[in-house]
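Descriptive structure summary
For reference, the chains in residue letters:
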Amino acid sequence: MTKFTEMIRDLFEETEQKQLATFDESITNPDNVVVYEQIQYGAEKQWHTLDIYRPKDSVGECLPILVNVHGGAWMQSSKERYKYYCWKLVQKGFAVVNINYRLVPHAYFPAPVEDLNTVMTWILEHAKEYNMDPSHIYGTGDSAGAQILGQYAAISSNEKYAGKFTFQIPKKNVFEAIVLNCGVYQVNYECRRSDLVRMIAFEYLSLENKNPEQITEEEYHSLYEQKIDLFEFGKYVTSQFPDTLLVTSETDFVKMHSLELMRYLMEQNVNARLYMCVSKEHELNHVFNINLKLQEAERCNNEEMEFLICHTKQN
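First, a word on what this report is: a plain description of the structure on this page. Note that the structure is a prediction, hence the values are computed from the model and not measured. (Residues numbered from 1 in each chain as written. Predicted model: local features only at pLDDT ≥ 70, side-chain atom pairs only at ≥ 80, totals over all residues. Heavy atoms only, no water.)

1. Description of the pairing of strand β6 (residues 177–181)
Test applied: Note on classification: 1.4 Å probe, protein chains only; a residue is buried when its accessible area is under 20% of the maximum for its type, exposed when over 50%, partly exposed between these limits. Labels follow the DSSP assignment, with helices taken as runs of H or I lasting at least four residues and strands as runs of E lasting at least two, numbered in each case from the N terminus. Any two strands are treated as partners once DSSP identifies two or more bridges connecting them.
Within β6, 5 of the 5 residues are buried, leaving the element largely enclosed by the surrounding structure. With burial as the criterion, each face of β6 is covered, one bearing Ala-177, Val-179 and Asn-181 and the other bearing Ile-178 and Leu-180. Inspection of the sheet shows strand β5 (residues 132–142) paired to β6 by 5 bridges, in the parallel sense. For Gly-139, the partnering residue across the bridge sits in β6 and is Ile-178. Both β6 and strand β7 (residues 243–249) contribute to a ladder of 5 bridges, which runs parallel. Its bridge partner being in β7, Ala-177 is matched across the sheet by Asp-243.

2. A short note on the pattern of salt bridges
Applicable threshold: By definition, a salt bridge exists where a carboxyl oxygen of Asp or Glu is found within 4 Å of a side-chain nitrogen of Lys or Arg.
Under the criterion given, the structure shown has 13 salt bridges. Between Asp-24 and Lys-293 there is a salt bridge, and its shortest N-O distance comes to 3.1 Å. Residue Asp-24 is located in the loop between α1 (3–20) and α2 (25–28), and its partner Lys-293 is located in the loop between β8 (272–277) and α10 (295–314); the two are separated by 269 residues in the primary sequence. The partner of Glu-44 in a salt bridge is Arg-102, with the nearest N and O atoms 4.0 Å apart. Placement of the pair is Glu-44 in the loop between β1 (33–40) and β2 (49–55) and Arg-102 in the loop between β4 (95–99) and α4 (111–126), with a sequence separation of 58 residues.

3. Brief notes about the sheet that holds β5
Our working rule: Where helices are involved, their axes are fitted lines through C-alpha atoms of the stretch in contact, as for all axes, and angles between N-to-C directions lie from 0 to 180°. Two residues qualify as a contact provided that any one of their heavy atoms is within 4.5 Å of a heavy atom in the partner residue.
Reading across from one edge, β1-β2-β4-β3-β5-β6-β7-β8 is the order of the 8 strands in this open sheet, with mixed pairing throughout. Since the sheet does not close on itself, it has two edges, and those belong to β1 and β8, each with one partner. Between one strand axis and the next, the sheet turns through 20 degrees on average, direction left out of account. Running at roughly 165 degrees to strand β3 (residues 63–69), α4 makes contact with β1, β2, β3, β4 and β5 of the sheet. This element, α10, spans β3, β5, β6, β7 and β8 of the sheet and lies at about 165 degrees to β6.

4. Considering the nonpolar core
Definition in use: The term nonpolar core refers to a set of buried residues drawn from Ala, Val, Leu, Ile, Met, Phe, Trp, Tyr and Cys, joined through side-chain atoms within 4.5 Å.
With 72 residues, the main nonpolar core has Val-67, Leu-116, Met-120, Ile-123 and Phe-175 as its most contacted residues. In terms of residue count, helix α5 (residues 144–157) provides more of this core than any other element does, 8 residues in total. Among all residues touching Ile-123, those that are not within four sequence positions of it are Ile-65, Val-67, Val-97 and Ile-137. Core analysis: the next-biggest nonpolar cluster, separate from the first, contains 33 residues, Phe-23, Tyr-84, Leu-89 and Val-287 among them.

5. A look at the pairing of β8
Looking at chain direction, β7 and β8 are connected through 6 bridges and run parallel. Its bridge partner being in β8, Leu-246 is matched across the sheet by Leu-274.

6. Digging into the packing of aromatic side chains
Our working definition: Aromatic pairing here means that ring centres of Phe, Tyr or Trp (its six-membered ring) are within 6.5 Å. Orientation follows from the plane angle: under 30 degrees is stacked, over 60 is edge-to-face, and everything else is tilted.
Applying the stated criterion to the full structure yields 17 aromatic pairs. Ring geometry for Tyr-185 versus Phe-233: centroids 5.8 Å apart, planes at 85 degrees, classification edge-to-face. Of this pair, Tyr-185 sits in the loop between β6 and α7 (196–204) while Phe-233 sits in the loop between α8 (217–231) and β7, and the two are 48 residues apart along the sequence. The exposure class assigned to Tyr-185 is buried, which follows from its relative accessible area of 1%.

Printed below as a string of structure tokens:
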């Protein structure tokens, strides 16, 4: 593990622990959720696990599926950190599949996308065992998780883009609609060599052995162009991309990434909305929606679920 990776992981861990410490029993101990934990979906027991959450009052009901892809800079966090957030989503009538995937430094790009593909294969094969409806699948992800989910949505809706990867998708256009929270979608958005987002993305893309400040333009294009091209999936969006709600906030340090992705979606006539959250009372930082003590987070999450529920009613 590089010192940079260790620093980022420590930073995220500290932030997460402080936030979790504010959650009370109404959040951490709900009595209306059925939980199936630590289900292995792939070959690596340490990484390839998922949980399934269902409303307790939905016995015998075949529910639409909502897949959650956690954030954490492709280096940190887990489904355990996101279970309380997912338990809130369950109350809207979804069977929520909350997943783990391989992280840096154990694995690098595109390993998390491959893992999400393995998850989707598992869901299509095992949904009936948990009374889930594999014909109605939705997705939500934040930060790095939004990038992974958005990229996979592009792969499953663009055959040419899918051909650039070694894995085979189990189903085209697998998602009916997705919610992308505070995502990171470009490596070079600000084109500054010291940009933190760029440094994190370089780590994920396994380009960390080069100091960005020492890379010439010629080296950059010859060594990194292919990986960066694959990472920045916006240019591969087609009209078949699923209906999308992009969420960010006025003080999210990567809000311009959502605005840029929205431009790609509009150019391809994708049914997409941008939800920009603002508050006079609180500074809504990056991925504010998982801070379940904030009223603004509750309003945002309700807006997201209404977006998805609209699609379940249409279908």
